[in-house]
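The lines below spell out each chain.
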Amino acid sequence: MRIRLSSIFSIIGLSLTLVTQAVPLPRSMESRPAQQQEGGAQEVLPWMKDSIRKMETELATKYGEAERARIKRGLQQVASFWRERDGDAAAFEEFVRASFAGDQASLDTMFNRFERNLEQLDGHMHEINREFNNQSDLDVGEILPFDEKFAGYDPSAHVIDDFFQNKIAFIVLLNFPLTTLDERLTEGDKWSRREWAEVRLAQRFSKRLPADVNLSISQAAAEAGRYISEYNIWMHHVIDNDGKRLFPSGLRLLSHWNLRDEIKADYSDQQTGLAKQRAIQQVMERIVTQTIPAVVVNNPHVDWNPYTNEVRRAAVEDAGGAAGASAAPDTSPANAPEPDTRYGKLLLTFQASRKADPFSPTAPTLIARRFNENREIPEERMKQMLEQVLSSPLVPQVARLIESRTGRPLEPFDIWYNGFRARGAYTEAQLDEAVAKRYPTAEAYKKDIPNLLAKLGFTKERAQYLADNIIVDPARGSGHAMGAAMRAEKAHLRTRVEKGGMNYKGFNIAVHEMGHNVEQTFSLNNIDHTLLQGVPNTAFTEALAFVFQGHDLELLGLSKPDAQSQALKTLNDFWGTYEISGVALVDMAVWHWMYDHPSATPAELKQATIEISKDIWNKYYAPVFKRRDVVLLGIYSHMIDAFLYLPDYPIGHMIAFQIEEQMERAGNVGPEFERMATVGSVTPDLWMKKATGAPVGPEALLAATKKALTEIGGTTKRE
Ligand SMILES: [Zn+2]
């Protein structure tokens, strides 16, 4: 199964990163690699230059000329992080003398012990996190207030600080290389696995952000996140020009996720679906342009016509004392617009991010850190890949297909069209029955894991090995996978089983999560270096999990989806990628605008965002939708509180298709899955080349879409 837009949001979301992927803990959002250079923003210590020269000569004399380049590099790396409080010249020199591994044997010993110790650190920190979250994650009784305190505690929060203080970080910087993205991209394919592991080791200590900078960033993130999480629209109070209420009583939708999902759901409402979709589009545009009356945000006590922007005291009561709802106004409410708060919050995240810039000389902007360090895909290449999708000749073809299926010209909200859905061969009730019979309890599912894995093509021995490494827990929510971070630990599969047995939805999720667990097991236990554990980023682990999920019917002994269902799914994914690629371009352009206008006011940022949204719409969507100057691409909440996160989504779709295509080429899942999952945490392009022979790109998605159009083309008229 390919990643659907709706699922990718919940899955690649920031908060789930740790759940689905065992990320080495000290590698926080702001602590990925950057090669520090002389003359960065660090304080320059007056004695440092002389000490470096002195120690270079001393060490080169002691260990030989062949080591000089390595000595030089190490000294520069240490110097760029060394502060006055770390010690004077004598302390610096003594540290270097005692800590440089001058020959291969001592370097090997150092590397091996660091790798082992850091695995222990990551593994146990992760173990504490998992245990402290048990009460909130698992179906094991009431959550008490103190349980939330435990769940919110991060034992690894100060590890980087501690390791600079006790100089473990400096030992790494003295002996192992910091690299730039350019080096990793151009030379990475020539590096040995050990060299890659050394690069990842050094990257852990490539930044030393002052505590107050970290605090500003997390405070801005929290404040913007709060704004987003409380931005609800009470839909029963949205009225049309005839004073009609289109939406049911009590319906409260969070922007933008719930609003968008309501648009998707409304395609199946033949009576009022279209009117509702148009009204939601109007609401979204009012949010982007901040012409929404401030009083209607999260307030069930006023009625609002989003077309005329008229606001009145609510004529009906449907809140039922809902938390967060404001009290009823005494007088007729004014419709004063929201005072650009949306853009004020975005500016907060920008201003906080900028504080880290001086401590990151080779990635001196949040934009550079996101692309060069977190994604390890250069921004320019990312942009090209997005544009390749947006300007594909397949877009107008799929658009025409949508028009023929809806029987009307496209409207802007159709960027969220979700009607490419197959009528499955089995009803939900049939599937529920089949699953409940097989899996009356979580225990029954657990017992069947070796059997399920064997059906996916793993040998009996491999299937048993994997099953032995997966612990099944009762999930409080719908389910998730939590890998281990050291080999002594096991992966956890959290799954939900209702009283009458597992249902189909639960099974489908469990198979997906089991895919994560298998990836997590291979990429930790069967990899050559634990420093390379994992996959390049969350999009990869999701793509691998979707391979499992796509075989769920066969695992139940039913026939797999037919060619037409597969084709519809592909078209759905293609259209979703087309939509989110434009959104990602808006996110990128807005961050550039903020860096170009660092003292902008919220009102100026609003104006810029509106113009950017329109420009990108006019370039890539207007030719297909036949309507110009639409601002919908600016509605995503991630743009406000997620620090340039949106480009991860379209890349996730592309990666999923590449992996799927490779699986089809290989013809079996098991051994191919193991081969891919043990490539480890190298750059995305290098990983993809090893896995499929080609770098990350949209070609597989486009090829599958072309094929799907041919498959569906002949049947369009029957729809
Ligand atoms: Zn997942």
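Quick note: structure is the one above.
As the structure is a prediction and not an experimental result, all values here were calculated from the model.

J.: What exactly am I supposed to notice about the packing of helix α21 (residues 442-455) against helix α23 (residues 504-525) here?
T.: Helix-helix packing is characterised by the crossing angle of the two axes and by the distance between the axes. Their axes nearest at 12 Å, the elements α21 and α23 cross at an angle of 65°. In terms of their interaxial angle, α21 and α23 are classed as roughly perpendicular. Between α21 and α23 lies a crossing of right-handed hand. Contact residues: Tyr445, Ile449, Leu452 and Leu453 in α21; Phe507, Ala510, Val511, Met514 and Val518 in α23.

J.: Any chance you could explain the coordination of the zinc ion here in plain terms?
T.: Ideal values for angles at a metal depend on the geometry: 109.5 degrees with four tetrahedral donors, 90 or 180 degrees with six octahedral donors. Surrounding the zinc ion are the protein donor atoms His512 (NE2), His516 (NE2), Glu542 (OE) and Glu542 (OE), at 2.0 to 2.8 Å. For the zinc ion, the four donor atoms in the first shell make angles of 50 to 142° at the metal, so the coordination geometry reads as irregular.

J.: Even after reading the chapter, I still don't get the packing of aromatic side chains, so can you show me in this structure?
T.: What describes a pair of aromatic rings is the distance from one ring centre to the other and the angle between the planes of the rings. For the coordinates displayed, the defined rule picks out 34 aromatic pairs. Ring geometry for Phe164 versus Phe205: centroids 6.4 Å apart, planes at 85°, classification edge-to-face. With a gap of 41 residues between them, Phe164 in helix α9 (residues 159-165) and Phe205 in the loop between α12 (193-203) and α13 (211-229) connect regions that are remote in the sequence. The exposure class assigned to Phe164 is buried, which follows from its relative accessible area of 1%. For Phe205, a relative accessible area of 2% gives the class buried. By way of ring pairs, the aromatic residues Trp47, Phe81, Trp82, Phe92, Phe95, Phe163, Phe164, Phe170 and Phe205 are connected into one cluster.

J.: I would appreciate a short explanation of the pairing of strand β4 (residues 310-313) in the present structure.
T.: Along any regular strand the residues' side chains alternate between the sheet's two faces. Note: strand β3 (residues 302-305) against β4, four bridges, orientation antiparallel. In the sheet register, Val302 faces β4, and the bridge partner there is Arg313.

J.: Would you take a moment to explain helix α10 (residues 168-175) for this structure?
T.: An α-helix turns once per 3.6 residues; consequently, residues spaced three or four apart project the same way. With seven of eight residues buried, α10 is to be regarded as a mostly interior element. Within α10 the residues assigned to the buried category are Ala169, Phe170, Ile171, Val172, Leu173, Leu174 and Asn175. If you follow the buried residues of α10, they end up packed against α4 (68-81), α5 (89-99), α6 (104-132), α9 and α12.

J.: Which parts of the structure should I look at to understand the pattern of salt bridges?
T.: Going through the model one piece at a time under the given rule, you end up with 37 salt bridges. Ionic pairing is found between Glu489 and Arg130, a salt bridge with its closest N-O pair at 2.7 Å. Placement of Glu489 in the loop between β6 (479-482) and β7 (491-495) and of Arg130 in helix α6 is noted, with a sequence separation of 359 residues between them. Per residue, the accessibility class of Glu489 equals that of Arg130, and both read buried. Counted as one network, the salt bridges with shared partners bring together Glu56, Glu65 and Arg68.

J.: Would you mind going over helix α24 (residues 538-549) with me for this structure?
T.: The terminal C-alpha atoms of α24 lie 16 Å apart, and with twelve residues this matches the ideal 16 Å at 1.5 Å per residue to within 8%. Within α24, twelve of the twelve residues are buried, leaving the element largely enclosed by the surrounding structure. The opening residue of α24, the one whose side-chain oxygen lies 3.0 Å from the backbone nitrogen of Ala539, is Asn537.

J.: What am I meant to see in the environment of His236 here?
T.: Summarising the element assignment, His236 is placed in the loop between β1 (232-234) and β2 (252-254). Overall, the relative accessible area of 13% leaves His236 in the buried class. Through-space distance from the C-alpha of His236 to that of Ala314 is 9.8 Å; in sequence the pair is 78 residues apart. Within polar-contact distance, the side chain of His236 engages the backbone oxygen of Phe247 at 2.7 Å.

What counts, and where the lines are drawn
Residues numbered from 1 in each chain as written. Predicted model: local features only at pLDDT ≥ 70, side-chain atom pairs only at ≥ 80, totals over all residues. Heavy atoms only, no water. Axes fitted to C-alpha atoms, helices over the stretch in contact; angles between N-to-C directions. Helix = DSSP H or I, 4+ residues; strand = E, 2+ residues; numbered from the N terminus. Parallel < 35°, antiparallel > 145°, perpendicular 65-115°, else oblique. Left-handed = near helix turned anticlockwise from the far one by under 90°. Contact = heavy atoms within 4.5 Å. Donors = N, O, S within 2.8 Å, 3.2 Å for Na, K, Ca; no water. Tetrahedral: all angles 85-135°; square planar, octahedral: opposite > 155°, others 65-115°. Phe/Tyr/Trp six-rings, centres within 6.5 Å; stacked < 30°, edge-to-face > 60°. Buried < 20%, exposed > 50% of the residue type's maximum accessible area, 1.4 Å probe, protein only. Pairing = 2+ DSSP bridges. Salt bridge = Lys/Arg side-chain N within 4 Å of Asp/Glu carboxyl O. Expected span 1.5 Å × (residues − 1). Polar contact = N/O pair within 3.5 Å; in protein donor to acceptor, adjacent residues only side chain to side chain.

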